[in-house]
Amino acid sequence: ENENLLLTPFERNLEVWRQLWRVVERSHLVVQIVDARNPLRFRCEDLESYVNDVEGPEGEKGTGKGLRKSLLLINKSDLLTKDQRRQWADYFDSQGIQYAFFSALDAKILQEMRQAAEDAEASAAATATTVQQDAPNNTQQSESGSEEEGEEALDPADAEVEAKLTRLAVKDADEEEQAGGESAKPDSEGHEEDDEESEDEEEGEDYDGYVPRARDENEDLRTRVLSVLELEELFVRSAPELSKFADSQGKVPPKLIVGLVGYPNVGKSSTINALLGEKKVSVSSTPGKTKHFQTIHLSSSIMLCDCPGLVFPQFATTKAELICDGVLPIDQMREYSAPVALVVKRIPPEILEATYGLTIKRKSVDEGGDGRSVTEWDFLAAYAIARGFARSSVGNPDEARAARYILKDYVNGKLLYCQPPPGVQPEQFNETSNAEVLKRLLALRKKKAPTTR
């Protein structure tokens, strides 16, 4: 209270905590998944201490203390630049934390592209087989027709060449159709308005172009965003020896159990789906989708244990930070000006205008402003007018509805801001990423939205 700190609205349902205790007791390696945009907000040091001190289930050899290991998995690392990952790697190394960078979205897109390529290849092969089977019949029909008309019949070699050309044309058409289908892949923002959907699709195309990055062989291994196979190998390397978990009869566990824990909406279920290569666990943007822990057999030697997302008791500065971090549900907030003010403070006005195609009013010196910065109310009014959000009573801009959309875009990463490690200035940490985002948005040349009702 003396330092004006706010305690996070931690989970008070004892049954949810029992799910966590059961996951930790069953697991040999506990992976704490955090959001790359603010790793320290989602990291719980008390959980790491608990994993180190927890005793194993009844019948396990010894007390179980100090046997289990922890791993910090930094998900959504595709939102960080290479230099930002390097600065976080330096910090984690200085603290002695075992960590790894991963992106479930990267893995998902790569798997979808690989699956689309395999489907296109199979479709082309099936079409080529059909054309090849129909080629003799077409040749016989052309020969009979030419004999009746007194014309010269086609040579078999010419018929074979024609069939090959037909197959190549069909294959090219399939590849063009497949390429068109990939480029038209919609973004996953989930907005309801048609104009926002069209904007998101345009940005999604550009986003899909650089997410599956080419692997740089000279990249520092500490900052590399791991692939699915590399992550599985890391689980095996980081886990303790299973012989330490033998029961009283000396029987060694047949599989390595990896427990996945963390805050709601950090991507635990998405990470599991990326590891499995297909949708096995229900995924939702609403915090707290997973209600009970689930066990999934990843391979013959690894089993995953997904724990429900829960908020750990930690200190935060303001409730607005918890909303912007996605800890608190946006649809249930009552006061929206403070979180939007935090977004306006973190995101440069040029990026806000380029993202939504707005012209935000800036207060002059005579009006009490500096002529450069914008306020949350001016931003909300400009967004509401551009989207046609108005109150039904008097027709004024509906700032509350606009705030919900803006905050969801911020949580989803459409408005990108990344917290720096301790000792680094936020403006310097986000300077490069802001420049890249602004360059990409200006290249889209979005049409400016109306500024009046």
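Residues numbered from 1 in each chain as written. Predicted model: local features only at pLDDT ≥ 70, side-chain atom pairs only at ≥ 80, totals over all residues. Heavy atoms only, no water.

Draft legend 1. Region of the structure containing the overall build of the protein chain. Within the protein chain, the secondary structure is distributed over 16 helices and nine strands. Residue pairs at least 24 apart in sequence account for 69% of intrachain contacts in the protein chain once pairs closer than 6 positions are excluded. When the accessible surface of the protein chain is summed, it comes to about 24500 Å², and 48% of that surface belongs to carbon and sulfur atoms. (Helix = DSSP H or I, 4+ residues; strand = E, 2+ residues; numbered from the N terminus. Contact = heavy atoms within 4.5 Å. Areas by Shrake-Rupley, 256 points an atom, 1.4 Å probe, with all protein chains shown as cover.)

Draft legend 2. How the structure looks around the pattern of salt bridges. Considering all chains together, one arrives at 14 salt bridges under this definition. Of the charged contacts, one joins Arg37 and Asp35 as a salt bridge, the two residues approaching to 2.9 Å between their closest N and O atoms. Residue Arg37 shares its accessibility class with Asp35, and that shared class is buried. Arg362 is the salt-bridge partner of Glu353, the closest N and O atoms lying 2.9 Å from each other. Three or more residues are tied together by salt bridges with common partners; here these are Asp83, Arg86, Asp90, Asp93 and Arg222. (Salt bridge = Lys/Arg side-chain N within 4 Å of Asp/Glu carboxyl O. Buried < 20%, exposed > 50% of the residue type's maximum accessible area, 1.4 Å probe, protein only.)

Draft legend 3. Looking closely at helix H8 (residues 228-238). Regarding H8, the residues found buried are Val228, Leu231, Glu232, Leu234, Phe235 and Ser238. Each buried residue of H8 sits inside an arc of 155 degrees when the element is viewed along its axis, so together they form one side. Of the residues in H8, the exposed ones pointing more than 90 degrees away from the buried face are Leu229 and Arg237. (Arc of directions from axis to C-beta.)

Draft legend 4. Focus on the nonpolar core. Residues Leu20, Val31, Phe235, Val258, Leu358 and Phe379 are the most contacted members of the largest nonpolar core, which totals 102 residues. A total of seven residues in this core trace back to one element, the largest contributor, which is helix H14 (residues 399-412). (Core = buried A, V, L, I, M, F, W, Y, C linked by side-chain atoms within 4.5 Å.)

Draft legend 5. Representation of the pairing of strand E8 (residues 302-306) within the structure. Of all five residues in E8, five are buried; the element is thus mostly enclosed. Side chains Ile302, Leu304 and Asp306 of E8 all project onto a buried face; the interleaved residues Met303 and Cys305 project onto the opposite face, where all are buried too. By the bridge criterion, five bridges tie strand E6 (residues 256-262) to E8 in an arrangement that is parallel. Counterpart to Gly259 in the pairing with E8 is Cys305. The pairing of strand E7 (residues 294-297) with E8 spans four bridges and is antiparallel. Looking across to E8, one finds that Ile296 is bridged to Leu304. (Pairing = 2+ DSSP bridges.)

Draft legend 6. Region of interest: the packing of helix H13 (residues 376-387) against H14. Where H13 meets H14, the closest approach of the two axes is 9 Å, and the angle between their N-to-C directions is 95 degrees. Judged on the interaxial angle alone, H14 and H13 are roughly perpendicular. Here H13 contributes Trp377, Phe379, Leu380, Ala381, Tyr383 and Ala384 to the contact with H14, which in turn contributes Glu399, Ala402, Ala403, Tyr405, Ile406 and Asp409. For the contact of H13 with H14, the class distribution of residues is 10 nonpolar, no polar and two charged. (Axes fitted to C-alpha atoms, helices over the stretch in contact; angles between N-to-C directions. Parallel < 35°, antiparallel > 145°, perpendicular 65-115°, else oblique. Nonpolar A, V, L, I, M, F, W, Y, C, P; charged D, E, K, R; others polar.)

Draft legend 7. Representation of the sheet that holds strand E5 (residues 225-226). Taken in spatial order, the seven strands make up an open sheet running E5-E4-E3-E2-E6-E8-E7, and their pairing is mixed. The open sheet is flanked by E5 and E7, the only strands paired with a single partner. Against the sheet, helix H1 (residues 14-26) touches E6, E7 and E8, its axis set at about 150 degrees to E6.

Draft legend 8. Looking closely at the environment of Thr359. For Thr359, the position within the fold is in the loop between helix H12 (349-356) and H13. Residues Thr359 and Ala386, spaced 27 residues apart in sequence, show a C-alpha to C-alpha distance of 9.4 Å.

Draft legend 9. Up close: the packing of aromatic side chains. A full pass over the atoms with the stated rule returns 11 aromatic pairs. Taken together, a centroid distance of 5.8 Å and an interplanar angle of 75 degrees make the contact between Tyr99 and Phe101 edge-to-face. The exposure class assigned to Tyr99 is buried, which follows from its relative accessible area of 13%. The class of Phe101 is buried, set by a relative accessible area of 1%. Note on Tyr383 and Phe389: the rings are 6.2 Å apart at their centroids and 55 degrees apart in plane angle, and the pair reads as tilted. Here Tyr383 and Phe389 have matching classes, each one buried. (Phe/Tyr/Trp six-rings, centres within 6.5 Å; stacked < 30°, edge-to-face > 60°.)

Draft legend 10. Representation of unusual backbone geometry. With phi around 60 degrees, Lys76 is a residue other than glycine that occupies positive phi space. As for its position among the elements, Lys76 is in the loop between strand E3 (69-75) and helix H4 (82-95).

Draft legend 11. Fine view of empty space enclosed by the protein. All told, the structure shown has three cavities of 30 Å³ or more when counted by the stated rule. Here the largest cavity defines a volume of roughly 110 Å³. Forming the walls of the largest cavity are Asp35, Arg37, Asn38, Phe42, Cys324, Asp325, Arg346, Tyr410, Leu415, Tyr417 and Gln419. Considered class by class, the residues forming the lining of the largest cavity number five nonpolar, two polar and four charged. Put simply, the second largest cavity is a space of about 40 Å³. In this structure, the second largest cavity is lined by Asp35, Arg37, Phe42, Lys76, Pro264, Asn265, Val266, Asp325, Gly326 and Val411. In terms of residue class, the lining of the second largest cavity is built from four nonpolar, two polar and four charged. (1 Å grid on protein atoms, 1.4 Å probe; cavity = no way out; pocket = protein on both sides within 12 Å on 5 of 7 lines; lining within 4 Å. Points joined across faces, edges and corners; volume = space filled by probe spheres on them.)

Draft legend 12. Quick peek at the side chain of Thr81. Note on placement: Thr81 falls in the loop between E3 and H4. The class for Thr81 is buried, based on a relative accessible area of 16%. Beyond its immediate sequence surroundings of up to four residues, Thr81 is in contact with Ser433 and Glu436.

Draft legend 13. Quick peek at the environment of Tyr356. As for its position among the elements, Tyr356 is in helix H12. Between the C-alpha atoms of Tyr356 and Ala382, which are 26 residues apart in sequence, the distance is 9.8 Å. Not counting the four nearest positions on each side in its chain, Tyr356 is found in contact with Phe379, Tyr383, Arg387, Ile406, Asp409, Lys414 and Leu415. At 2.8 Å, the side chain of Tyr356 forms a polar contact with the side chain of Asp409. (Polar contact = N/O pair within 3.5 Å; in protein donor to acceptor, adjacent residues only side chain to side chain.)

Note that every value here comes from positions in space, so none of it alone points to a role or purpose.
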